[in-house]
Amino acid sequence: MINRSAIKLSFTLVLLVCCGSMMYSQGVADFSSLQINSPGEDGKMLDFAFSEDQKYFAIANEGKILKLFDGRTGKYLKVIKGVQEDVIEIRLTDDGTKLVSLGLDNSLVLIDVASGKVLQTMKFSTKLRCLDIDASGRLAVLGDKRGTIHFIDLQKGETIREMQSGAPQVSSIAFSPNYSMIAAGT
C-alpha cells in the first residue's frame, strides 16, 4: 500500500530543496523569503505558486507582501505590497500574467502581475478555506467552512454558481487536468 502522506511530504521537501539550491546557486533571491519556520525580513512565507510553464513563481509573505521571481533562474522580479493581509492561498494564471490571492479576511483579489495593480476584489460573508483557478485565469473555485463550493467569474468579480459539497466544510479544492471537473477535500 502506498503511503500518500509520505509521498506528499517527500515531494514538498524535494521542491523546497530544489528551489532553495537553485536560488542559492544563482545568488539572486532573498533567502529570507523562503523561510517557513522563522520570520525573515518580510515575515513568514504564507504560500507560494508557480505558473504552469514554471516561468514565474510567486511568494506571499506576512505583512501584505507578494514577491514575483523568474522560475527558471530564481531572479527576483518585483514586489507587490499592501494588497491583502493574512493570505491563505495564491495562484498564478498559466501564462503568469495574473495572480489570484485568497485571504483570511474572506476576500479574493485578482492582481495584474506586470503592473502590480488590483483588477478585482471580492468580499465574502462566509469563511473561505481554499482556492483554485482554471487555465485561462477567468474562473476560480473556492471552498468554504460551510461546505459550499463557489464558482467565481474573475473578470466580472461575481459569483456565477454555488453548490453544496455535502460535507461540513471544503478544505481543499482543485480542477482536474482538463478543467472539466473539480475535486474537493473535506
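The written sequence of each chain sets the order in which its residues are numbered from 1. Only residues with pLDDT of 70 or above have their local features reported here, since the model is predicted, and side-chain atom pairs are shown and tallied only from 80 upward, although totals for entire chains, interfaces and linings are computed over all residues. Calculation of side-chain values draws on the structure's entire complement of heavy atoms; hydrogens and water are dropped beforehand.

1. Digging into the sheet that holds strand β9 (residues 128–133)
As summarised here, the arrangement of the four strands in space is β9-β10-β11-β12, forming an open sheet in which the pairing is antiparallel. Only two strands of the sheet have a single neighbouring strand rather than two, namely β9 and β12 (158–164). Strand after strand, the sheet turns through a mean of 20° between neighbouring axes, direction not considered. Where strand β11 (residues 148–153) and β12 come together, six bridges link them in antiparallel fashion. Strand pairing is assigned whenever DSSP identifies at least 2 bridges connecting the two strands. Helix and strand assignments follow DSSP, with helices taken as H or I runs no shorter than four residues and strands as E runs no shorter than two, numbered in order from the N terminus. Axis lines are fitted to C-alpha atoms, over the contacting stretch for helices. Their N-to-C directions set the angle, which ranges from 0 to 180 degrees.

2. Comments concerning the pattern of salt bridges
Counted as salt bridges are all cases of a side-chain nitrogen of Lys or Arg within 4 Å of a carboxyl oxygen of Asp or Glu. The final tally for this structure, using the stated rule, is four salt bridges. A salt bridge links Arg91 to Glu89; the nearest nitrogen and oxygen atoms lie 2.6 Å apart. Classification of residues uses two cut-offs on accessible area relative to the type maximum, computed with a 1.4 Å probe and protein chains only: under 20% is buried, over 50% is exposed, and between them is partly exposed. Exposure remark for Glu89: the relative accessible area of 14% places this residue in the buried category. For Arg146, the salt bridge identified is with Asp144, shortest N-O distance 3.6 Å. Taken together, the shared-partner salt bridges in this structure form one network comprising Glu89, Arg91 and Asp132.

3. Section: empty space enclosed by the protein
Using only the protein atoms, space was sampled on a 1 Å grid; points where a 1.4 Å probe fits but cannot get out form cavities, open sets with protein on both sides within 12 Å along at least five of seven lines form pockets, and lining residues are those with an atom within 4 Å of a point. Grid points are joined across faces, edges and corners, and a volume is the space filled by probe spheres set on the points. Applying the stated criterion across every chain, the model contains two cavities of 30 Å³ or more. Here the second largest cavity defines a volume of roughly 30 Å³. Forming the boundary of the second largest cavity are Leu108, Val109, Leu110, Gln120, Thr121, Met122, Ile152, Asp153, Leu154 and Gly157. The residue inventory of the lining of the second largest cavity, partitioned by class, reads six nonpolar, three polar and one charged. Under the grouping applied here, Gly and all other residues not named as nonpolar or charged are polar, the nonpolar ones being Ala, Val, Leu, Ile, Met, Phe, Trp, Tyr, Cys and Pro and the charged ones Asp, Glu, Lys and Arg.

4. Some remarks on the pairing of strand β2 (residues 56–61)
Regular strands show a simple pattern: their side chains alternate between the two faces of the sheet. The element β2 is largely enclosed, with a buried count of six among its six residues. One ladder, built from five bridges, connects strand β1 (residues 45–50) with β2; its direction is antiparallel. Its bridge partner being in β2, Ala49 is matched across the sheet by Ala58. Two elements, β2 and strand β3 (residues 65–70), share six bridges in a ladder whose sense is antiparallel. Considered in β3, the bridge of Ile59 is made with Lys67. Here β2 folds back onto β3, and the loop between the two strands holds three residues, one of which, Gly63, carries a positive phi near 80°.

So, to be careful, I would describe these as geometric facts and stop short of saying anything about function.
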